[in-house]
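# Geometric and topological summary
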Amino acid sequence: CKTSERKSRGSKAETWSRGAAKEKTLECGQIVWGLAFSAWPAAEDGDTDPACAMGLPCLVLATGLNDGQIKVWEVQTGHLLFSLLGHQDVVRDLSFAPNGSPILVSASRDKTLRVWDLSRDVLFPSGDTFLLSPGRQVQVLSGHVQWVYCCSISPDCSMLCSAAGEKSALLWSMRSYTLIRRLEGHQSSVVSCDFSPDSALLVTASYDACVIMWDPYTGEQLRTLRHVPLHSTLDSSSEIHTSSLRSVCFSPEGLYLATVADDRLLRIWALELRSPVAFAPMTNGLCCMYFPHGGFIATGTRDGHVQFWTAPRVLSSLKHLCRKALRTFLTTYQVLALPIPRKLKEFLTYRTF
């Protein structure tokens, strides 16, 4: 892996080069713990919303703050659209519905998840009057007994996974907002989770140095990826604790995973293998995310850096593309009910790769 990095600068906006866009600084007034982007629909006739006054879709950014607020911004102008109030502690993570609907899920240290519908208006008191603001709390999801670190909505928007400082992850229905099941298998706190692009797989990362690959429909453990220390100069320090896995994410085509751990390594895994296919040395890593079109991975660190890494590129096989297309709209149970050979069912349900 090759890397380039850029350290965060001060609050003053600077022009990178002639004709380039300027940096923007959003003054949130609180420590920012979570971020999530989403497209915002174009304004309708008569709509005075400054976010999309030109009648075109725009980009919004939700920020989870230290005081429990969520502030939603229009990215191009830096305009604060509205604030969402409800959480009683730090908002640690945010996730927009991948299908473009204005549904936002927030995870907090108050041990709850909250579901917000940003298309709905709500009245709130302001002095002697009431003001109209978008954003209504749809549901409060309670079930964790520790701080909630991470939340991830499946690409088909049918499920939500949440991870807290517990040995199990929770899987929720996004249709009924009820708990589907607890995913139990880790030996230490689960800190990160992510769905595959076809929603057929779910991965969870834990301090136990393992990533578990699940079938979210059945709750079955399909594979365990263990972070074994490398016998090289990269892992020569005895002070490094390899048991602290921090983040896991799927690649956009669904053939690779990226993981960040406290052993100072970024690892890239091929879905069909049990050992990494690439490594990169990094320090103070906390989170990772693939570029939406593949080819690059961004990692965030404790010392204020975002690093960008080139990642393995692969041309998806016709078999994988067919499986991905089918699993986008077929659950595991629906696949198992098909009148097809057993080996084909095993392939379509990721029992074989």
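Residues numbered from 1 in each chain as written. Predicted model: local features only at pLDDT ≥ 70, side-chain atom pairs only at ≥ 80, totals over all residues. Heavy atoms only, no water.

## Regarding the UniProt feature "repeat: WD" (unreviewed entry) in the chain
Stated precisely, the cut-off is as follows: UniProt positions are given in the numbering used here, feature names are shortened, and annotations may be inferred rather than shown by experiment. Helix and strand assignments follow DSSP, with helices taken as H or I runs no shorter than four residues and strands as E runs no shorter than two, numbered in order from the N terminus.
Following the UniProt record, the feature "repeat: WD" (unreviewed entry) maps to residues 61-83, 84-119, 141-182, 183-224 and 238-272 here. Secondary structure within residues 61-83 divides into 0% helix and 65% strand; the distance between the first and last C-alpha atoms comes to 12 Å. Note that residues 84-119 is 0% helix and 58% strand, and that its end C-alpha atoms are spaced 13 Å apart.

## Topic: the side chain of His 87
This is how it is decided: In protein, a polar contact requires one atom able to donate a hydrogen and another able to accept it; more generally it is a pair of N or O atoms within 3.5 Å, and residues adjacent in sequence count only if both atoms are side-chain atoms.
Looking at the element boundaries, His 87 is found in the loop between β5 (79-84) and β6 (91-96). Only 2.9 Å separates the side chain of His 87 from the side chain of Asp 110, close enough to count as a polar contact.

## As for the pattern of salt bridges
Counted only if it meets this: Take a side-chain nitrogen of Lys or Arg and a carboxyl oxygen of Asp or Glu: if they are within 4 Å of each other, that pair is a salt bridge.
Within the structure shown, the criterion is met by six salt bridges. Glu 346 is the salt-bridge partner of Arg 342, the closest N and O atoms lying 2.7 Å from each other. Residue Arg 342 and its partner Glu 346 are located together in helix α3 (residues 342-348), separated by four residues, close to a single helical turn.

## Remarks on helix α1 (residues 318-327)
Our working definition: Only protein chains enter the calculation, and the probe is 1.4 Å; a residue is then buried if its accessible area is under 20% of its type maximum, exposed if over 50%, and partly exposed in between. The directions from the helix axis to the C-beta atoms form the arc being described. Here, residues are in contact when the closest pair of their heavy atoms is within 4.5 Å.
Among the residues of α1, those classed as buried are His 320, Arg 323 and Arg 327. In an axial view of α1, the angular spread of the buried residues amounts to 65°, which keeps them on one side of the axis. Tucked inside the fold, the buried residues of α1 contact α2 (332-336) and α3.

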